[in-house]
Amino acid sequence: MRRLAPKTLFILLGGLLPLSLLCGLMLGPQIILPFELLSSGDASVVSDRLIIEQIRLPRTLMAALVGAALAVAGVMMQGLFRNPLADPSLIGVSSGASAGASFVIVLGAGWLGSHDLLGVSAVALGAFAGAALATYTVYRLAAHGTGTSVATMLLAGIAISALAGALNSFFSFIADNHMLRQISLWQMGSLSGVSWSRLWFAVIVFGCVLVCFPRYSGALNALLLGESEARHLGVNVHRLKIQVIALVAFTVGTAVALTGTIAFVGLVTPHIIRLLIGPNHRALIPASMLAGAILLMLADALSRYILAPAELPIGVVTALLGAPFFLSLLNQQRKNQGGL
Amino acid sequence: MAIDMQTSDTQTMGMETSEPLLHLVNVDYRVGDKALVRSLNCAVMAGQVSVLLGPNGAGKSTLLKLASGELTPMAGSVHFQGSKLAERELSERAQCLAVLPQSSPLSFPFLSEEVVLLGRTPHSTGARRDADIVNQALRLADAEHLRRQAYTQLSGGEQQRVQLARIFAQVWEMQPARANLLILDEPTSALDFSHQRLILQALRDKADQGCGVLLALHDLNLAAAFADQVLLMNKGALRAQGSVDEVLQPPLLSEVFGLEFYRMHHPGTGKPLLVY
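Residues numbered from 1 in each chain as written. Chains lettered and ligands numbered in written order. Predicted model: local features only at pLDDT ≥ 70, side-chain atom pairs only at ≥ 80, totals over all residues.

Novice: Mind showing me how you'd approach the overall build of chain B here?
Specialist: Counting its secondary structure elements, chain B contains 9 helices and 12 strands. Taking 2.2 N^0.38 as the reference for a compact globule, 276 residues should give roughly 19 Å; the C-alpha atoms of chain B span a radius of gyration of 18 Å, in line with that estimate. Along the longest, intermediate and shortest principal axes, the C-alpha atoms of chain B span 50 × 45 × 40 Å. Taking all 276 residues of chain B together, the buried fraction comes to 47%. Long-range contacts, defined here as pairs at least 24 residues apart, represent 70% of the contacts in chain B between residues at least 6 apart. (Helix = DSSP H or I, 4+ residues; strand = E, 2+ residues; numbered from the N terminus. Rg over C-alpha atoms; globule rule 2.2 N^0.38 Å. Buried ≥ 20, exposed ≤ 12 C-beta atoms within 10 Å, placed from the backbone. Contact = placed C-beta atoms within 7 Å.)

Laid out in structure tokens, this is it:
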């Protein structure tokens, strides 16, 4: 497949970003067109404005932030593991988060109550703690004197994921009907109930983290050649691994804590961008952030529109939207005799 | 009996050989109980091509890894440009020491020119200068026509030439005070005859410009044609060290490789020619 110049892609994504924001604001159980808001005064316009301001705007912006964060986390993991199919869930973040959330839903609800801290519920905190714990354990298992072994880390990630999965099943097993529904909804991911306070929390946290990632593009490019090759190019591979793993665990943990597990964005977005412009991280990192934001805003808009007034879980939409596109790109690449 | 380095009469290409560029002193490396390299001493001079020969499993790659700082010796020390290699800052070291491993698995579809540009990672000489160096390095490795092709779609020999161009790009510029060093593990393993000669000639030219070059080879005749110094390894130790004439002697080679060798002279160049 012929490559797109990164500049062309950035122009394209820059145009799509406001369009998808507009989609996010317009679509829903009730379609609100922008010019309807301009006509002054009657009651329906006021309620439409409220819907946009208090419900759709914060949640669409949250979708953009979480999409960008998940996509860039995928880029970093794929670069670090030197495997285009690596995913943040490989190091146990997603499964750890799920187990943490189930734990709080089933056992914690009694004594923690449903208090909100900074707009982040106790369930979300449980998810974050689970993610951090799982990632830390995997990392400790894989780290040794001279560095971290990627193979050991993948195996440890699989084992921890299995353990977290078992815990998850156990909590689902002892849960009552109401809790069970809560667990399964949370695992499918949801952006409903995003308030402005929760959004501001996300803006601050993701804002701080996302600006850190482009710093690593040169080192990650060198790392794609191999660990010793990167070292011979002057990259401190050990330090790079620790920093990237910590940043990714924090980013994905926070994303999962805020909106539940949203699958596929972290795996597919970097892949699509890489097929379009090649694996150079200098362009790949910012382009994946933009594309992840666009993808999740559109997915969220669709999730509200397709079954309106009911709402489809967003994880289902991302998979339905991302998978066919991904498969068609893979197929095209196969026809052009390319390797991954 | 190892031939003493100090007394051997090596060609020096007119350079003042005061201090070796790379110096391994009493270096030991073991994995478990197995000694891969035993109390080994050797030196690589700036302006010289040093070729490492020896059968499979003799410890050539281990020695190169010790020399490049990838492995830390369990005893002894490695000195580069007069200071301890292990104490050098990674990013600073990468500006004057380039290493080509035996194989470089790269599963992401970088273009060849992007791979070569990665060689400029330790430097901050600006995009225009880097692009210029990438062009020249690609030309030197006869890979210019591959520049817009994905690395993953190249043949083994083409990939090796692109990697060589990357190494050349990394130490393209001569530094006034200290010499650059290139360490290459079997850089010609996937190359056809004409490219083998082309690459060895390019390394010879680098040495003539003042670089130190240390490479492992399997082809005795390539070594005979291009080396200033030959290091012959066997079972983790240096069996002999010296000029082509001193080391490439049939009795020594027969002992190390377990084959009967005959030495004659190349009808064209007059260099030693070894056949078995």
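Novice: Sorry if this is basic, but what is going on with the sheet that holds strand β1 (residues 22–31) of chain B here?
Specialist: Picture the strands of a sheet paired through backbone hydrogen bonds; they go either parallel or antiparallel. Residues and elements named next belong to chain B. Across the sheet, 4 strands lie side by side as β2-β1-β4-β5; this open sheet has antiparallel pairing. Edge positions in the open sheet fall to β2 (34–44) and β5 (83–84), since each of these has one partner strand only. The pairing of β1 with β2 spans 7 bridges and is classified as antiparallel. When the bridges of β2 are listed, Leu24 appears paired with Cys42. Packing of helix α1 (residues 60–68) onto the sheet brings it into contact with β1, β2 and β4 (75–80), and relative to β1 it is tilted by some 125 degrees. (Pairing = 2+ DSSP bridges. Axes fitted to C-alpha atoms, helices over the stretch in contact; angles between N-to-C directions.)

Novice: Sorry, what's going on with the pairing of strand β10 (residues 237–242) of chain B here?
Specialist: Two faces make up the sheet, and in a regular strand the side chains alternate between them. Residue and element names in this part refer to chain B. Burial of β10 is extensive: 5 of the 6 residues sit out of reach of the surface. In this structure, strand β9 (residues 229–234) lies alongside β10, joined through 5 bridges in antiparallel fashion. Paired with Leu232 across the bridge in β10 is Ala240. The turn linking β9 back onto β10 is made up of 2 residues, and Lys235 within it adopts a positive phi angle of 50 degrees.

Novice: Honestly, the environment of Ser77(B) in this entry has me stumped. Any pointers?
Specialist: Residue and element names in this part refer to chain B. Considering the arrangement of structural elements, one finds Ser77 in strand β4. Among the residues examined, Ser77 registers 15 C-beta atoms within 10 Å and is labelled partly exposed. Each C-alpha atom of the pair Ser77 and Leu146 lies 41 Å from the other, and the pair is 69 residues apart in sequence.

Novice: Help me understand the interface of chain B and chain A in this model?
Specialist: Often the size quoted for an interface is simply the accessible area lost on bringing the parts together. Taken together, the contact pairs 24 residues of chain B with 21 residues of chain A. Those elements giving two or more residues to the side of chain B that touches chain A turn out to be α2 (90–93), β6 (97–100) and α3 (112–118) of chain B. Considered class by class, the residues forming the side of chain B that touches chain A number 14 nonpolar, 7 polar and 3 charged. (Nonpolar A, V, L, I, M, F, W, Y, C, P; charged D, E, K, R; others polar.)

Novice: Where do I start with helix α3 (residues 43–80) of chain A in this structure?
Specialist: One full turn of an α-helix is made of 3.6 residues, so residues set three or four places apart face in the same direction. All names here are of chain A. Over its 38 residues, α3 extends 54 Å from the first C-alpha to the last, a length consistent with the 56 Å expected when each residue adds 1.5 Å. Within α3, the axis deviates most sharply at Arg56, by approximately 40 degrees, and proline Pro58 lies no more than four positions further along. Phi turns positive one or two residues past the end of α3, at Arg82, with a value near 50 degrees. (Expected span 1.5 Å × (residues − 1). Bend = angle between axes of the 7 residues up to and from the residue.)

Novice: Just checking my understanding: could you explain α1(B) for this structure?
Specialist: Residues and elements named next belong to chain B. Counting buried positions along α1 yields 8 of 9 residues, so the element is predominantly enclosed. Listed in full, the buried residues belonging to α1 are Lys60, Thr62, Leu63, Leu64, Lys65, Leu66, Ala67 and Ser68. In the stretch just after α1, Gly69 is the one whose phi turns positive, near 85 degrees.

Novice: Just checking my understanding: could you explain the packing of helix α1 (residues 6–26) of chain A against α3(A) for this structure?
Specialist: Axes are the key here: two packed helices are described by the angle between their axes and the distance separating the axes. All names here are of chain A. In contact at an axis separation of 9 Å, α1 and α3 are set at 140 degrees when each is read in the N-to-C sense. Taken together, the axes of α1 and α3 lie oblique to each other. When you trace α1 past α3, the crossing you get is right-handed. Between α1, through Leu21, Gly24 and Leu25, and α3, the contact on the second element is made entirely by Ile52, Arg56, Leu57, Thr60 and Ala63. Classifying every residue of the contact of α1 with α3 gives 5 nonpolar, 2 polar and 1 charged. (Parallel < 35°, antiparallel > 145°, perpendicular 65-115°, else oblique. Left-handed = near helix turned anticlockwise from the far one by under 90°.)

Novice: What should I look at first to understand the confidence of the model for chain B in this one?
Specialist: All names here are of chain B. On average, residues of chain B score 87 in pLDDT, and 93% of them are at 70 or above. Low confidence marks residues 1–17, where pLDDT is under 50. Its contacts with residues over four positions away, or in another chain, come to 30 contacts. Interface scoring of the predicted complex returns ipTM 0.86; its pTM is 0.84. (pLDDT = per-residue confidence, 0-100.)

Novice: Would you mind showing me how to read the pairing of strand β7 (residues 181–185) of chain B here?
Specialist: Residues and elements named next belong to chain B. Most of β7 is tucked away: 5 of the 5 residues are buried. Neither face of β7 is left uncovered, since the one carrying Leu181, Ile183 and Asp185 and the one carrying Leu182 and Leu184 both have all their residues buried. Alignment of β6 against β7, held across 4 bridges, turns out to be parallel. The partner of Ala98 across the bridge, within β7, is Leu182.

Novice: Help me out: how do you make sense of unusual backbone geometry in this one?
Specialist: Trans is the prevailing form of peptide bonds, just as negative phi is the prevailing case for residues other than glycine. Residue and element names in this part refer to chain B. We note that Asn26 has phi near 50 degrees; this positive angle belongs to a residue other than glycine. With 12 C-beta atoms packed within 10 Å, Asn26 lands in the exposed category. With a phi close to 45 degrees, Glu186 is a non-glycine residue in the positive phi region. Structurally, Glu186 is set in the loop between β7 and α6 (193–208).

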